[in-house]
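Residue-level structural notes
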Amino acid sequence: MYEILAPAGDLEKLKIAVLYGADAVFIGGLKFSLRSRASNFTMEDIKKGCEFAHQHNAKVHVTCNIVMHEIDIEGILEYLKELERAGVDCVIASSITILKLVIDHTTMEAHVSTQASCLNQEAVAFYKELGVNRIVLGRELTLEEIAVIKANTDLDIEVFIHGGMCVSYSGRCMLSNTMTNRDANRGGCAHSCRWNYNLYQEQTKLNPPGDYFAMSSKDLCAIQAIPQLMEMGIDSFKIEGRMKSLHYIATIVKTYRMLVDDIKNQQRKPDSFYEAMINKAENRLTSTGFLFGLPKVEQQLYDLDASIPSKDFVGIVLEYDAKTKKAIVEQRNHFVPHSSLEVFGPNHSGIIQIEEIFDLEGNSLDAARHARQIVSFCTDFPLEKNDLLRLN
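First, a word on scope: everything that follows refers to the structure included in this document.

1. Some details on helix α9 (residues 246-264)
Between its terminal C-alpha atoms α9 stretches 27 Å, which fits the 27 Å expected from 19 residues at 1.5 Å a residue. Along α9, 16 of the 19 residues are buried, which leaves the element largely enclosed by surrounding structure. One or two positions beyond α9, positive phi appears at Q266, with a value near 55°.

2. Concerning the pairing of strand β17 (residues 340-344)
In terms of burial, β17 is a largely internal element, four of the five residues being buried. Judged from the five bridges that link them, β17 and strand β18 (residues 349-353) form a sheet pairing that is antiparallel. Following the sheet pairing, V343 is matched in β18 by G350. Linking two consecutive strands that pair antiparallel, namely β17 and β18, is a turn of four residues. Two elements, β17 and strand β22 (residues 388-391), share four bridges in a ladder whose sense is antiparallel. When the bridges of β22 are listed, E342 appears paired with R390.

3. Section: the packing of helix α1 (residues 11-19) against helix α2 (residues 43-55)
Direction vectors running N to C along α1 and α2 enclose 15°, while the axes themselves pass 10 Å from each other. When the axis of α1 is compared with that of α2, the two are roughly parallel. Considering only the axes of α1 and α2, their crossing is right-handed. Within the contact between the two elements, α1 uses L11, L14, K15, V18 and L19 and α2 uses D45, K48, G49 and F52. Its residues placed into classes, the contact of α1 with α2 shows five nonpolar, one polar and three charged.

4. Overview of the side chain of D235
Locating D235 in the fold gives a position in the loop between α8 (226-232) and β12 (236-239). One polar contact links the side chain of D235 to the main-chain amide nitrogen of I157, over a distance of 2.9 Å. Here D235 is in contact with M1, Y2, E3, K150, L155, D156 and I157, once residues within four sequence places are set aside.

5. Notes on the sheet that holds strand β21 (residues 374-378)
Within a beta sheet, neighbouring strands are joined by backbone hydrogen bonds and run either parallel or antiparallel to one another. Strand order in this open sheet of eight strands is β18-β17-β22-β15-β16-β21-β19-β20, and the pairing throughout is antiparallel. Every interior strand has two partners, whereas the edge strands, β18 and β20 (364-365), have only one. The strands touched by α9 are β15 (313-321), β17 and β22; relative to β22, the strand with the most contacts, the crossing angle is about 100°.

6. Structural notes on the environment of M108
Of note, M108 is situated in the loop between α4 (96-105) and β5 (109-112). When the C-alpha positions of M108 and A222 are compared, they lie 29 Å apart, and in sequence the two are 114 residues distant. With residues up to four places along the chain from it excluded, the contact list for M108 reads L80, L83, E84, V88, D89, V91 and V102.

7. Considerations on the nonpolar core
It is characteristic of soluble globular proteins that their nonpolar side chains tend to be buried jointly. Counting 90 residues, the largest nonpolar core has L80, L83, I135, I226, L229, F237 and Y256 as the members making the most contacts within it. Looking at this core, the element that brings in the most residues is α9, giving 10 residues. Counting 18 residues, the second-largest nonpolar core is a separate cluster that includes V314, V329, F377 and L389.

8. A short note on unusual backbone geometry
A positive phi angle, close to 55°, is found at S117, a residue other than glycine. Mapping S117 onto the fold places it in the loop between β5 and α5 (121-130). For H338, which is not glycine, the phi torsion reads 65° and is therefore positive. Along the chain, the position of H338 falls in the loop between β16 (326-331) and β17. We classify H338 as exposed; its relative accessible area is 55%.

Calculation notes
Residues numbered from 1 in each chain as written. Predicted model: local features only at pLDDT ≥ 70, side-chain atom pairs only at ≥ 80, totals over all residues. Heavy atoms only, no water. Helix = DSSP H or I, 4+ residues; strand = E, 2+ residues; numbered from the N terminus. Expected span 1.5 Å × (residues − 1). Buried < 20%, exposed > 50% of the residue type's maximum accessible area, 1.4 Å probe, protein only. Pairing = 2+ DSSP bridges. Axes fitted to C-alpha atoms, helices over the stretch in contact; angles between N-to-C directions. Parallel < 35°, antiparallel > 145°, perpendicular 65-115°, else oblique. Left-handed = near helix turned anticlockwise from the far one by under 90°. Contact = heavy atoms within 4.5 Å. Nonpolar A, V, L, I, M, F, W, Y, C, P; charged D, E, K, R; others polar. Polar contact = N/O pair within 3.5 Å; in protein donor to acceptor, adjacent residues only side chain to side chain. Core = buried A, V, L, I, M, F, W, Y, C linked by side-chain atoms within 4.5 Å.

This is how it looks when you write it as structure tokens:
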């Protein structure tokens with residue numbers, strides 16, 4: 001119970017999500033997925049991801065959640081069979097065609113996507129009769145409505161707790177289709193709602209120079225609602241963001257993992273503690289969405305005022321030698337000698353002060369400035385592989 005389900009846009013992010021506390025990850029293959037630009041998993045990568053996840057007692061869900069046209073039907077059953085052979089645990093779909101194929105022809109679980117707008121107990125009962133294993137509820141529900149649904153079904157219920165909120169109903173948007181000829185419901189969303197827009201009254205532009213408008217909502221952050229969702233017995237807490245960075249995924253997953261575990265162990269800290277952790281990641285402004293009632297104007301994002309991460313992700317630890325105290329790090333953002341760094345890892349955290357930085361040939365560097373450059377430095381702090389480092 002209380003599964004933390006994390007996004008992963010590639011194999012590296014899948015591994016980080018699992019290591020930082022995810023019980024399951026959801027990914028997209030190269031076909032039939034709504035996030036085509038974030039779906040970097042070849043079938044070989046999916047197989048490797050399943051092997052890694054299963055070694056760490058985690059599951060892999062694959063999204064096949066496009067709204068299917070006639071042309072999309074070709075090859076779908078063969079693709080589902082490939083996923084099954086690769087070791088995939090669950091398929092997420094909104095199409096009844098795909099759901100039935102999963103149920104009737106594979107041993108994988110069938111999960112109803114949020115794009116199906118499942119918002120009431122009668123819809124849940126319909127999908128149960130179809131034979132699915134889980135419902136991913138629409139994001140337009142309040143806590144009270146979620147409680148009613150959960151109390152009236154024995155199906156697994158999954159709820160979004162963090163990430164982007166589509167301005168359209170359950171993600172069924174036509175802006176991208178109309179403005180760019182990219183079908184948002186078949187993997188091509190151009191995020192038109194987040195573009196910069198000018199506001200005109202007839203021929204007069206009303207917004208000041210350099211000040212633009214958008215049509216999107218703030219991202220969802222459900223920290224305040226997790227205790228109620230746990231009390232209801234919600235089975236899975238879903239984090240959105242397959243196009244997000246490795247640092248974002250590690251930070252958000254670990255925060256919610258800590259929050260859920262703290263509540264279970266009756267050690268819950270103030271919400272501000274977990275919110276401060278989340279603010280260290282790349283993140284837009286957030287709200288509680290529909291969970292506590294109909295969103296008001298302050299929960300919409302009109303002025304494009306994005307939050308600024310308070311910490312800079314600078315590297316990921318590849319190796320650490322406890323005898324020599326030498327760390328090998330892959331640089332992700334610029335940092336310099338004599339920096340104070342925060343260690344953020346799956347198993348520990350802390351602050352280190354580094355002095356000199358060296359390249360692999362042992363040359364002293366005045367900065368780690370090249371993208372994904374491999375560098376080394378010495379520290380007494382017992383770093384571990386896959387620890388993240390950010391400026392303190």
